[in-house]
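# Overview (structure and organization)
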Amino acid sequence: MLNAKYISTIRWKFIWAFILSIMSGALILRGGYQLVNFLVYLNPTPSSSTFPLILRWIINHIGSVPVMFTAGIISFLGFFFLFTRKIVSYLEEITQGIQQITKLGELRPIEVRTNDELGVLAENINIMSERLQHSLLEERKAEQAKNDLIIGVSHDLRTPLTSILGYLDYIEQDRCREEGEIRYYVAIAYQKTLVLRKLIDDLFEYTRVNSGGLPLVAERLDLKAFIRQLVEESVPELAQAGMVYEFEDHTDDLWIQGAPYELLRAYENLITNAIRYGRDGKKLEIVLTHEDSEAVVRISNFGEMIEESDLPHIFERFYRAERSRSRHTGGSGLGLAIAKSIVERHQGRIYARSDQTRTDFITRFPVVP
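Computed from a prediction, not measured in an experiment: that's the story for all the values here.

### Regarding the overall build of the protein
Counting its secondary structure elements, the protein contains 11 helices and seven strands. Within the protein, counting contacts between residues at least 6 apart in sequence, those at least 24 apart form 70% of the total. Surface accessibility of the protein: about 23,100 Å² in total, with carbon and sulfur atoms responsible for 59%.

Below is the structure:
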C-alpha cells in the first residue's frame, strides 16, 4: 500500500490528472462514436438536415480512425488542462510572489493551500521573505546607527576642538600680555585635549567591542576575587571624590566564563559612572549574590536619581540625558554602551534601576561549576 504522503506529491497529482484525462477522453469518444453511429448508420428515418451528410462525407473521405484519433487528442488535452488548472494557477501565484519579492523587496505572504511540494515551496518562500524583510530592517537600522554615530562623534569632537583652536589662535596672534596668561590658556587647551583623547579611546573601544572582529577569549574566572581586586584599585579615585565603599559578599563560590580584560573595562566603566554621579551620596556599594544559577553583581551609588523616562536609554551611545552624559563631568557618553556590549558578549544581562535614595547597576552572568 502506497504511503499517503507519497501519493499527495505533485508528481502523483499529474499522474492522476493524466489517467483521468485519458478516461474522460475515452468516455467522450465512446459517446461520440455511439452518436455518430446512430445518426449515420442506425437511424431508420434519415434526417433532412445536412449534419448526417457531412458526417458521412468525412467518414468516407477522411476515415473514422483519423477523426477519432484527432478527437481523442483534443479531448485529452482539454481534460488535462482542466484537471491541472489549480496546480498551474497555484504555481503562477508562487511565481508572482517571488517576482514581487525580488523586484520590490516587499513581504507578500503566499497562502499555503496544499501539502505537496508546491505547499512546501510556498512555506519556504514565506520564511525566506520574512528573513529578507528582517535583514532589510536590520540593514536600515545599522545604516541609521552608523549615521547617528558619525553625527554624535562629530558633535562631541567639534566642541573641545573649537575651544583648543580658539585658545591656540589667541596665543598664536600674540594677544597674551603675560606668561601666566599663556600658561593658563595652554592648560585649558591641554585639558580639552585630554577630553578628546578620552572620547577617541572610548569610541575605539566601542567600535572594537561591537564589530565582532576579535573573538572573545574566555576563561574560567573567579568573579568574587576579580570584583574585589577591582574595587581595591578604585580606592584612590573614590578618595579623590570623597567617597568610601562597602563590599557585601553573600556567596561561597562565584565562577563564570569570561574574558578578564573585557570584563575589566566593563566594570571600570560602571564604577567610574557610579563615582561620577554618586559623589553626593559619599558611598559606593558593591553586592555579590548567587541567584538562579546566575552570578549577580550590583553596583550602587546614592547620588541623584535617574529619571524613569531615561532608564531605558542610558545604555545607548551618546544618549543626551544630562544624567547619563554630562558635559561638565567629562563623560563621553560611551561608557555604559561599552559595558552593555561587553556583558552581552558574555551571554550576560545588564540593567539599571533608580529611586530617590539609590541607583543600582546590575549585571548577571551564567555561573560555571
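After presenting the structure, the write-up continues.
### Describing helix α8 (residues 223-233)
Within α8, burial applies to Leu223, Lys224, Phe226, Ile227, Leu230 and Val231. In a view along the axis of α8, the buried residues occupy a sector of 165°, so they form one face of it. Where α8 begins, one side-chain oxygen reaches toward the backbone nitrogen of Lys224, 3.3 Å away; that side chain belongs to Asp222.

### Quick notes on a nonpolar patch on the surface
A surface patch of nonpolar side chains, amounting to about 800 Å² of accessible area, comprises Ile15, Trp16, Phe18, Ile19, Leu20, Ile22, Met23, Leu82 and Phe83. Those elements that place two or more of their residues in the nonpolar patch are α2 (10-42) and α4 (64-83). With seven residues, the single largest contributor to the nonpolar patch is α2. If you trace the backbone, Met23 turns up in helix α2.

### Notes on the environment of Gln347
Take Gln347: it is sitting in the loop between α11 (335-345) and β6 (349-354). Sequence-wise, Gln347 and Arg364 are 17 residues apart; in three dimensions their C-alpha atoms are separated by 8.9 Å.

### Details of a negative patch on the surface
On the surface, Glu232, Glu233, Glu237 and Glu268 cluster together to form a negatively charged patch. As for its placement among the helices and strands, Glu268 is situated in helix α10 (residues 260-278). By relative accessible area, Glu268 is classed as partly exposed at 34%.

### So, unusual backbone geometry
Positive phi outside glycine occurs at Lys282, with the angle close to 65°. Relative to the helices and strands, Lys282 resides in the loop between α10 and β4 (283-291).

### Details of the packing of α8 against α10
Contact geometry of α8 with α10 gives a least axis separation of 11 Å together with a crossing angle of 50°. With respect to α10, the element α8 is oriented oblique. In the packing of α8 onto α10, the handedness of the crossing is right-handed. Residues Phe226, Ile227, Leu230 and Val231 of α8 form the contact with α10, whose own contacting residues are Pro260, Leu263, Leu264, Tyr267, Glu268 and Ile271. When grouped by side-chain class, the residues that make up the contact of α8 with α10 number nine nonpolar, no polar and one charged.

### Here we look at the packing of aromatic side chains
Counted under the stated rule, the structure contains seven aromatic pairs. When the ring of Phe226 is compared with that of Tyr267, the centres are 6.5 Å apart and the planes differ by 65°; the resulting orientation is edge-to-face. Taken as a pair, Phe226 in helix α8 and Tyr267 in helix α10 lie far apart in primary sequence, 41 residues in all. Like Phe226, the residue Tyr267 is buried in the burial classification. An aromatic cluster is defined as three or more aromatic residues linked by ring pairs; in this entry it consists of Phe14, Phe18, Phe76 and Phe80. Its guanidinium or amino end placed over the ring of Trp255, Arg220 lies 4.3 Å from that ring's centre, counting from NZ or CZ. Taking the ring centre of Phe302 as reference, the NZ or CZ of Lys283 above it sits at 4.6 Å.

Cut-offs and rules
- Each chain has its residues counted from 1, running along the sequence as written.
- Local features are withheld for residues below a pLDDT of 70 in this predicted model, meaning they are given only at 70 or higher, and side-chain atom pairs are given and counted only at 80 or more; totals for whole chains, interfaces and linings count all residues.
- Side-chain measures were taken over the full set of non-hydrogen atoms in the model, leaving aside hydrogen atoms and water.
- To qualify as a helix, a DSSP run of H or I must reach at least 4 residues; to qualify as a strand, a run of E must reach at least 2; elements of each kind are numbered from the N terminus.
- We call two residues in contact whenever any of their non-hydrogen atoms come within 4.5 Å of each other.
- A 1.4 Å probe and the Shrake-Rupley method give the accessible areas. Residues count as covered only by the protein chains that appear here.
- Think of it in three bands: residues with accessible area under 20% of the maximum for their type are buried, residues over 50% are exposed, and the middle band is partly exposed, with areas taken using a 1.4 Å probe on protein chains only.
- Arc definition: directions from the helix axis to the C-beta atoms.
- For this analysis, a polar contact is any N or O atom pair within 3.5 Å, provided that within protein one partner can donate a hydrogen and the other can accept it, and provided that sequence-adjacent residues contribute only side-chain to side-chain pairs.
- Each patch is built from residues lacking any salt bridge and having more than 30% relative accessible area; the joining distance is 9 Å for like charges and 5 Å for nonpolar side chains (Val, Leu, Ile, Met, Phe, Trp, Tyr).
- Only one rule defines a salt bridge in this text: a Lys or Arg side-chain nitrogen within 4 Å of an Asp or Glu carboxyl oxygen.
- In this tally Asp and Glu are treated as negative and Lys and Arg as positive; neither His nor the chain ends contributes.
- In this description, the location of a charge corresponds to atom NZ of lysine, CZ of arginine, CG of aspartate or CD of glutamate.
- Fitted lines through C-alpha atoms give the axes, limited to the stretch in contact for helices. The angle between two N-to-C directions lies from 0 to 180 degrees.
- Between 65 and 115 degrees an angle is taken as roughly perpendicular, under 35 as roughly parallel, over 145 as roughly antiparallel, and anywhere else as oblique.
- Helix crossings are classified by the rotation of the near helix relative to the far one: an anticlockwise turn of less than a right angle makes the crossing left-handed, while a clockwise turn makes it right-handed.
- Put simply, Ala, Val, Leu, Ile, Met, Phe, Trp, Tyr, Cys and Pro go in the nonpolar bin, Asp, Glu, Lys and Arg in the charged bin, and everything else, Gly too, in the polar bin.
- For Phe, Tyr and Trp, rings pair up if their centres lie within 6.5 Å, where Trp contributes its six-membered ring, and each pair is then called stacked (planes under 30 degrees apart), edge-to-face (over 60) or tilted (otherwise).
- Only when the NZ atom of a Lys or the CZ atom of an Arg is both within 6 Å of the ring centre and within 35 degrees of the ring normal do we say a charge sits over the ring.

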